Amino acid sequence: MSDFNPFAALIEESTVKSDNSTKKQQSISSILEEIFAFTLDPKVSEKKHFLLLEEVANTFSRKDLDLLILQHALFDRLFMCNEENPFIKTAKKNFRNTHSFESKVLTYLCNCVRNLNDDTNLESEEKAKVKSLIIQNAVTALIQSEIYEGQKLEQQLIDILKDNIDNCILFFKDVCKGVLDEEEGGEAFLKDKLSEILLVLTDEIIKSNIVTFDYGIFNVLNVFTTEEYLASIFLDVKPLKFITGSDYANTPLGAIFNVSILPKTPNAIYEHFQDPTDQASILSAEGILWSNVDKLTEHTHAFVLSLLTCSPQIKNKTLEWLGLCIKANIDRGKLWNSQSPPELNLVNYTSVSDGFMINFGNVMLRLCRPFCNNFKDKKILKVDPTYCAVSDDCRSEKGVHLPGMNTETCLIPNDEKLVTAEKYNFVTECFYFAHKAINLGYQVTVDKLVRLNHEVGRMERAYLDAVAQAAGNSDLVDSLKRRMTQQLTKYLSLKAQLSDPVLLNLLFDFVSTSTYWLCQVAVKVNFDQQKTFAPLDELQICFPLPDIIPNSLKSIPEFIIENIVCYLVFLRRFNPKIFEEQGYEKLKPLLDFILIYMGSPERLRNPHVRARLAEALESLLPRHDDEPSSFNAFGGFQREMLFTQHEHRSEIVSSLLKVFVGIEMTGQSVEFEQKFNYRRPMYTVMDYLWTKEEFKTHFKILAQEAEKNMDAMTPPLFLRFVNLLMNDAVYLLDEAFTNMAKLKEMQTARQNGEWDSLPAQERTQNLGYMHHIGMIAKFDNILGRDTIKTLEKLTSEITIVFTHSTMVDRVAAMLNYFLYNLVGPKKKNFKVKDSKEYSFDPATTVLNICKIYVNLKESSSFCLAISQDGRSYSPQLFTLAEDVLIRIGGGSLIGELKEVAMRVAEKVQEQQASEEAIAEAPEHFLDPIMSTLMTDPVILPSSKQTVDRTTIARHLLSDQTDPFNRAPLSMDQVIPNTELAEEIRKWMNERKNK
C-alpha cells in the first residue's frame, strides 16, 4: 500500500495555521505584558518583574493575555492601585520595574499609553482597541472617582502634565474628549473636574514663592491653551469666594501674577533681605531674585500670548478677564490709597498685592514689546488716542475690553460728546492695558518706596538720638533697632521688585515710545477718515506749536503722563545709569514731550500735572549736586546731549517759566503749600541752565521782552516769573525765621529742664511738635535758600526788570528785611543746636543777598528804594553786614558793599529833602494801598478806586482781580486819572519852588 496521503497537504496547512495562531497569540500576550507590566504567567512575572494577576489567570485558566482577557485584567490591576495593597507592596519590594507596582491609577494608565505608543508590533486596529480600553478606564476613574477611594486624581493629572511629554499630553486630551463623549452631562462634568484640577494647581502656586516656584506648572497650563474648550474652562475658573479685587489672586492666572519678591497678602512677612546691613548678601540676593522674576515673567508672558492666539473667542475672553481684573482693583490708584497708613488701609485687603500688579504690568510690557522696542519704526502710531472715550455700553461693539476708562480725568476737560473710532486694534488695547497696570502697580509701589525711604531716614535719626542718650543698651534702643531692621527689609524688597533690570529696560522703551506717540498726537489735527484717530504718519514737531488743539487730547487720561513722570523720577533717584545705557536717541522724545505739554496749558489743563513735568525735566539733568560721585559710574554724557544738541532745546527756558507761573496764576492755582514742592525741582533745573551760556541768553531775551512790555495788557512772562520768585522768597524765608525762632525757644526750654516737670504724655507731645516744626523749618530753609540763590544768579546778568518801578520797591524791601534779620540783633534768635539738621545755612544766604545788592548797585532807583524802606533799612545795616561777611569768608564783597552803602546814603539825603517837600500831601494824593504819593494815578473800572499805576501793576502780576471788590481786572482796563495827575504835579512843583 502506498504511503501517499491525499489529505497530507491539508493537514500540514492546518497545522501551520495553528502554529502561526499560537505564535501570534503568544506575541500579543508578550506585547500586552510589556505595555501593562502585568502577566498571567508566574514564570514571566518572576523573569521580567511583571505583576502577576493570579485571580484573572485562575478565572480564565490561561497564562497568556489577549484583547478579550485584557479588559478584565486591566480592571483587576487598577483595583490594586493602593499603596497598602499586599501585591503592590510585595512587587515594590522585589521588582525593579516601577511601572509594575505603580499605585496611582491615572499615572499608571498614562504610562500604559506611553508604552503603547512606543510599540511597533501591534496592528493599528489592535492598537486602537487597546488605547480605547485604557482611555475608557481613565474616564471611568474620573467620572466614578469613588471607585478608587484615596486616589488624588486631580493631583495625578497635574503631575502627568508637568512632565511635558507628548504622550502624556495626548493622554490628557483623549481622556477629556472621552468625558465629553459621555451621553449625559459630559461637558458640564468635564468643566467641573478640570476646574477642580486647576484649583488644586492654584493652591500649589499660592504656596510657592519666587525662588521655589515649580516651572512644571507652566507645562500644565500650556495644555489648556491648545484647545479652545480647555482655554475657555481655564479662564472661567474662580474660587468659591469671588467678591473683591483681591480674589483674582486666587485664580490660576492671578496666582502666578501674585508670585513676586513682595508678600502676597497685607500682613505676610517679607521673606528676603533678612539681614539688611550685609551689603554683599544684598547684592547677591538681588541678582538671584531678578533672575527668577525675569524667568517667571517670561513664562507668564508666553502663556498669556498662547491664550491670546488660541482663537478669536479665547482672545476676546482673555482680554475681558484682564480688563475686569484691572477694574476690580481700580481702588489701588485712588489718592487716599497712597496716603493711608498700610494697617488702616482697606484697599490692601480688597485689592491684589503690589507684586501682583507689577507682574501684571510686566507681562503687558512684554506684549507691547513688538511696537515699543524702537519708536522709530512708527508702529506705536497705530495706537488710537480716543480709546478711553468709549463708554461701557459701547465696549463690545468697538472691541474695547478695559471698562470704566471713560470716567478717567483727561488732559483736556471733556465738554462735549467725544468722537470714537469704529473699532480698536490690539496694539491700542495693549498700550492702554499696560499704562493702566503701571498706574495701579508700578506707580503706587514707587510712592510707597519713597515714603518708606523718608520713614527709614527718620527712624535712623531717632535711633542715633536714642543711642546717644542711652547709657549702654536700653529697651528703647533695641526696639528702635528691630523696627528699623524690619523697615529696611521692606524697603530693600520694594526697591528690588521695582529695580529689576529687565523691567526697567522694558519700561524705558515703553515710556520713550509713549512720549513719541504723545508728541505726535499733540500736533495731529487732520484726519482723512473717521474710522481711526491714530496718528499713523509722523509729523515734524515745530515750535511754536499749532494754534489748533486736537480734540483727541480730551480722551487721553492724565495717568499716562503720571506714569511717565513717576518712572523718570524713580530712575533719577535709584537707577540713573539706565538713562546712559539707553542713549540719546531714546531720550530725545522725552524732552520733546516735556516741552510740548509743560508749557502748553491748552494741551494739558491740570497745573499739578504740568508742574510734575518740571520734575521729569529735572530727572533728565546730567548731574545733581545731591548725588554721591559713586552713585552713577556712567556719568551723564547722554543726558548732557539733550541740553547741547536737541533741536528744541531753545524752548526749555520759556516752557519752564510758563509752568512756574502757571501753577499760581488765577484759574490755574494749586494749594499754597504744594506749589513750593513743585517749584523745588524747577530751581534745580534753572541752576543747571545758568551754567550754559546758551540758556543764559534765553533768560536775557525774555527779560528784554519784559522790559519792552512792562505795561502791557498781559504782563510779560519774565516779569510774572520774577514777581512770583520774590513772593516765594519773602514767604519762605519769613516762615523759616519764624520756625527757627520757635525751635530755639523749645530747645532752650528742654535744655533748661522746663520739660522735666511735665507729664510724660505732654513731654512726648512737645517732642513730636518740635520734630514737626523742625521738618517744616528744614523745608522752608532749603527752598528759601534756593530761591535767593536763583535771584542772585538772575541779577548777576539781568537788572532792568528788578529795578523797574513796578518791582524795585519790593526787591529793596525784601533784601533789607532778610539782611537785617540775618546780621542784626535778631540773628541770635535763630541760632539752634544742630542747625545742619534743619538745613539752616545763614552764611550762604547772607552772601547771596549781599551779591544781589552788588549786582543791582548801578541802578539809581534801586539805591533810592533801599533808602526809602522805613521797615528794615538803617545806616548801620551794611556795617553789620560787613562784620558778618568777614566772619563767614565773604571779605571780597566788602569793598563793593561799601559802594552800595555810599550810594544809598546819598539817596537818603535826597529823600529827606523830598519828604520834607511832600510831607503835607492831601489824603487823596496818596495811594490807598501803599500810602505813598502817587505819580501816575489810575482809576479801577469796577470799584472806581484810584491807585498808583505801579501799585496795581504789581498786584496784577499775582492776582488778576480788583483788590477792592475781587472783580476780574487787567492793565488795559485801568483808566488814567489825568486830572488828579495834573493836580499832583502842580502841587509838587509848588512845594519844590517854596
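Residues numbered from 1 in each chain as written. Predicted model: local features only at pLDDT ≥ 70, side-chain atom pairs only at ≥ 80, totals over all residues. Heavy atoms only, no water.

*Asks:* Residue-level account of the overall build of the chain, with values.
*Replies:* Across its full length, the chain carries 41 helices and 5 strands. For the chain, whose C-alpha radius of gyration is 41 Å, the value lies well above the compact-globule estimate of 30 Å for 994 residues. Taken along the three principal axes of its C-alpha coordinates, the chain extends 180 × 80 × 45 Å. The proportion of buried residues among the 994 residues of the chain is 53%. Counting only contacts in the chain whose residues sit at least 6 apart along the sequence, the fraction spanning at least 24 positions is 74%. Surface exposure of the chain reaches about 45,700 Å², of which carbon and sulfur atoms provide 50%. Side chains of the chain give 109 positive and 135 negative charges; the mean places of these two sets differ by 3 Å. (Helix = DSSP H or I, 4+ residues; strand = E, 2+ residues; numbered from the N terminus. Rg over C-alpha atoms; globule rule 2.2 N^0.38 Å. Buried < 20%, exposed > 50% of the residue type's maximum accessible area, 1.4 Å probe, protein only. Contact = heavy atoms within 4.5 Å. Areas by Shrake-Rupley, 256 points an atom, 1.4 Å probe, with all protein chains shown as cover. Lys, Arg positive; Asp, Glu negative; His and termini not counted. Charge placed at Lys NZ, Arg CZ, Asp CG, Glu CD.)

*Asks:* Residue-level account of empty space enclosed by the protein, with values.
*Replies:* Summed over the entire model, instances satisfying the criterion amount to 5 cavities of 30 Å³ or more. The calculated volume of the largest cavity comes to roughly 90 Å³. When residues of the lining of the largest cavity are traced back to their parent elements, those giving at least two are α32 (717–751), α33 (760–797) and α36 (842–855). With 3 residues, α32 is the largest single contributor of residues to the lining of the largest cavity. Classifying every residue of the lining of the largest cavity gives 6 nonpolar, 3 polar and 2 charged. (1 Å grid on protein atoms, 1.4 Å probe; cavity = no way out; pocket = protein on both sides within 12 Å on 5 of 7 lines; lining within 4 Å. Points joined across faces, edges and corners; volume = space filled by probe spheres on them. Nonpolar A, V, L, I, M, F, W, Y, C, P; charged D, E, K, R; others polar.)

*Asks:* Can you lay out a positive patch on the surface for me, pointing to particular residues and giving the numbers?
*Replies:* Together, Arg458, Arg461, Arg680 and Lys778 give the surface a local cluster of positive charge. The residue Lys778 is located in helix α33 in this model. (Patch = residues over 30% accessible without salt bridge, like charges linked within 9 Å, V, L, I, M, F, W, Y side chains within 5 Å. Salt bridge = Lys/Arg side-chain N within 4 Å of Asp/Glu carboxyl O.)

*Asks:* Before we move on, can you summarise a nonpolar patch on the surface with the specific residues and values?
*Replies:* On the surface, Ile929, Met930 and Phe964 cluster together into a nonpolar patch covering about 260 Å² of accessible area. Looking at the element boundaries, Phe964 is found in the loop between α40 (949–958) and β5 (975–976). With a relative accessible area of 35%, Phe964 lands in the partly exposed category.

*Asks:* Any details on helix α31 (residues 693–708)? Residues and values, ideally.
*Replies:* Its 16 residues give α31 an end-to-end C-alpha distance of 23 Å, which sits within 8% of 22 Å, the value for a rise of 1.5 Å per residue. Within the sequence span of α31, burial applies to Phe695, Lys696, His698, Phe699, Leu702, Ala703 and Ala706. The arc that holds the buried residues of α31, viewed along the axis, is 160 degrees, so those residues lie on one side. Opposite its buried face, α31 presents the exposed residues Glu693 and Lys708, each directed more than 90 degrees away. Buried residues in α31 make contact with α28 (637–644), α29 (652–662), α30 (674–689), α32, α33 and α34 (800–803). (Expected span 1.5 Å × (residues − 1). Arc of directions from axis to C-beta.)

*Asks:* Give a description of the environment of Glu55 that names residues and reports values.
*Replies:* Here Glu55 lies in helix α3 (residues 54–60). Spatially, the C-alpha atom of Glu55 lies 9.0 Å from that of Ala73, the residues being 18 residues apart in sequence.

*Asks:* How would you sum up the nonpolar core? Please name residues and give values.
*Replies:* Phe36, Phe171, Phe718 and Tyr853 are the most contacted members of the largest nonpolar core, which has 289 residues in total. The leading source of residues in this core is α32, at 17 residues. Once residues within four sequence positions are removed from consideration, Phe171 is found in contact with Leu106, Leu109, Cys110, Val113, Ile134, Ile135, Ala138, Leu157 and Ile160. Counting 9 residues, the second-largest nonpolar core is a separate cluster that includes Val938, Leu940, Ala953 and Leu969. (Core = buried A, V, L, I, M, F, W, Y, C linked by side-chain atoms within 4.5 Å.)

*Asks:* Residues and numbers for the pattern of salt bridges, please.
*Replies:* With the rule as written, the count across this model stands at 46 salt bridges. Salt-bridge contacts for Lys162 lead to Glu204; the nearest nitrogen and oxygen are separated by 2.4 Å. Taken together, the residues Lys162 in helix α8 (residues 153–162) and Glu204 in helix α10 (residues 186–207) connect sequence positions 42 residues apart. The class for Lys162 is buried, based on a relative accessible area of 14%. Here Asp728 makes a salt bridge to Arg679, at a shortest N to O gap of 2.7 Å. Taken as a pair, Asp728 in helix α32 and Arg679 in helix α30 lie far apart in primary sequence, 49 residues in all. When sorted by exposure, Asp728 lands in the same class as Arg679, which is buried. One continuous salt-bridge network, built from bridges that share partners, spans Lys857, Glu858, Glu896, Glu899 and Arg903.

*Asks:* Give me the lowdown on unusual backbone geometry, citing residues and values where you can.
*Replies:* At the junction of Phe543 and Pro544, the peptide bond is cis and its omega measures out at 0 degrees in the coordinates. The topology assignment puts Pro544 in the loop between α23 (501–523) and α24 (558–574). Even without being a glycine, Ser839 presents a positive backbone phi close to 55 degrees. Of note, Ser839 is situated in the loop between α35 (808–823) and α36. Residue classification places Ser839 among the buried positions, given a relative accessible area of 16%.

*Asks:* Quick rundown of the sheet that holds β5? Include the residues and the values.
*Replies:* The strand order across the open sheet built from 3 strands is β4-β3-β5, with neighbouring strands paired in antiparallel fashion. Each end of this open sheet is capped by a strand with a single partner; those strands are β4 (946–948) and β5. Seen against the sheet, α40 touches β3 (937–939), β4 and β5 and runs at an angle of roughly 85 degrees to β4. (Pairing = 2+ DSSP bridges. Axes fitted to C-alpha atoms, helices over the stretch in contact; angles between N-to-C directions.)

*Asks:* Any chance you could break down the side chain of Thr532 for me, citing the residues and the numbers?
*Replies:* Relative to the elements of secondary structure, Thr532 occurs in the loop between α23 and α24. Within the structure, Thr532 has its side chain in polar contact with the side chain of Asp384 (distance 3.1 Å). A polar contact is formed between the side chain of Thr532 and the backbone nitrogen of Ala534, at a distance of 3.1 Å. (Polar contact = N/O pair within 3.5 Å; in protein donor to acceptor, adjacent residues only side chain to side chain.)

*Asks:* Describe helix α14 (residues 279–308), and please don't skip the residues or the numbers.
*Replies:* The end-to-end C-alpha separation of α14 is 43 Å, in line with the 44 Å expected for 30 residues at 1.5 Å each. Its side-chain oxygen placed 3.2 Å from the backbone nitrogen of Ala280, Asp278 serves as the N-cap of α14.

*Asks:* So what's going on with the packing of aromatic side chains? Which residues, and what values?
*Replies:* The final tally for this structure, using the stated rule, is 39 aromatic pairs. Between Tyr853 and Phe878, the aromatic rings sit 5.1 Å apart at their centres with planes inclined by 80 degrees, giving edge-to-face as the arrangement. Here Tyr853, found in helix α36, pairs with Phe878, found in helix α38 (residues 877–888); they are 25 residues apart in sequence, far enough to count as distant. Of the two residues, Tyr853 and Phe878, neither departs from the other in class, the shared state being buried. Grouped by ring-pair contacts, the aromatic residues Tyr387, Tyr424, Phe431, Tyr432, Phe510 and Trp517 constitute a single cluster. (Phe/Tyr/Trp six-rings, centres within 6.5 Å; stacked < 30°, edge-to-face > 60°.)

*Asks:* Mind laying out the state of the cysteines, listing which residues take part and the relevant values?
*Replies:* For the coordinates displayed, the defined rule picks out 0 disulfides. Residue Cys81 stays outside any disulfide, its sulfur separated by 9.0 Å from that of Cys112, the closest cysteine. (Disulfide = S-S within 2.5 Å.)

*Asks:* Talk me through the packing of helix α20 (residues 426–440) against α24; I want residue IDs and the actual numbers.
*Replies:* Remark: α20 packs on α24, axes separated minimally by 9 Å, with the N-to-C direction vectors making an angle of 65 degrees. With respect to the hand of their crossing, α20 and α24 are arranged in left-handed fashion. When α20 is examined against α24, the residues Phe431, Tyr432, His435, Lys436, Ile438 and Asn439 are found in contact with a partner set consisting of Phe559, Ile560 and Asn563. Split into classes, the residues belonging to the contact of α20 with α24 amount to 5 nonpolar, 3 polar and 1 charged. (Left-handed = near helix turned anticlockwise from the far one by under 90°.)

*Asks:* Tell me about the environment of Thr140, residues and numbers included.
*Replies:* Examined against the element boundaries, Thr140 turns out to sit in helix α7 (residues 124–143). According to the relative accessible area criterion, Thr140 is partly exposed, its value standing at 24%. Remark: the alpha-carbon pair of Thr140 and Cys394, spanning 254 residues in sequence, is separated by 46 Å. Within the structure, the side chain of Thr140 is placed 2.8 Å from the backbone oxygen of Gln136, a separation counted as a polar contact.

*Asks:* For the side chain of Asp354, give the residues involved together with the corresponding values.
*Replies:* Note that Asp354 resides in helix α18 (residues 354–372). Engagement of the side chain of Asp354 in a polar contact is seen with the side chain of Arg332, the distance being 2.8 Å. Not counting the four nearest positions on each side in its chain, Asp354 is found in contact with Leu262, Arg332, Val444, Thr445, Lys448 and Leu494.

*Asks:* I'd like a description of the confidence of the model for the chain, backed by residues and values.
*Replies:* Where the model shows low pLDDT, its predicted coordinates should not be examined in detail. In the predicted model, the chain carries a mean pLDDT of 88, and 93% of its residues have values of at least 70. Within the model, pLDDT remains below 50 along residues 13–20, and this stretch shows 0 contacts once partners closer than five positions in the same chain are excluded. (pLDDT = per-residue confidence, 0-100.)

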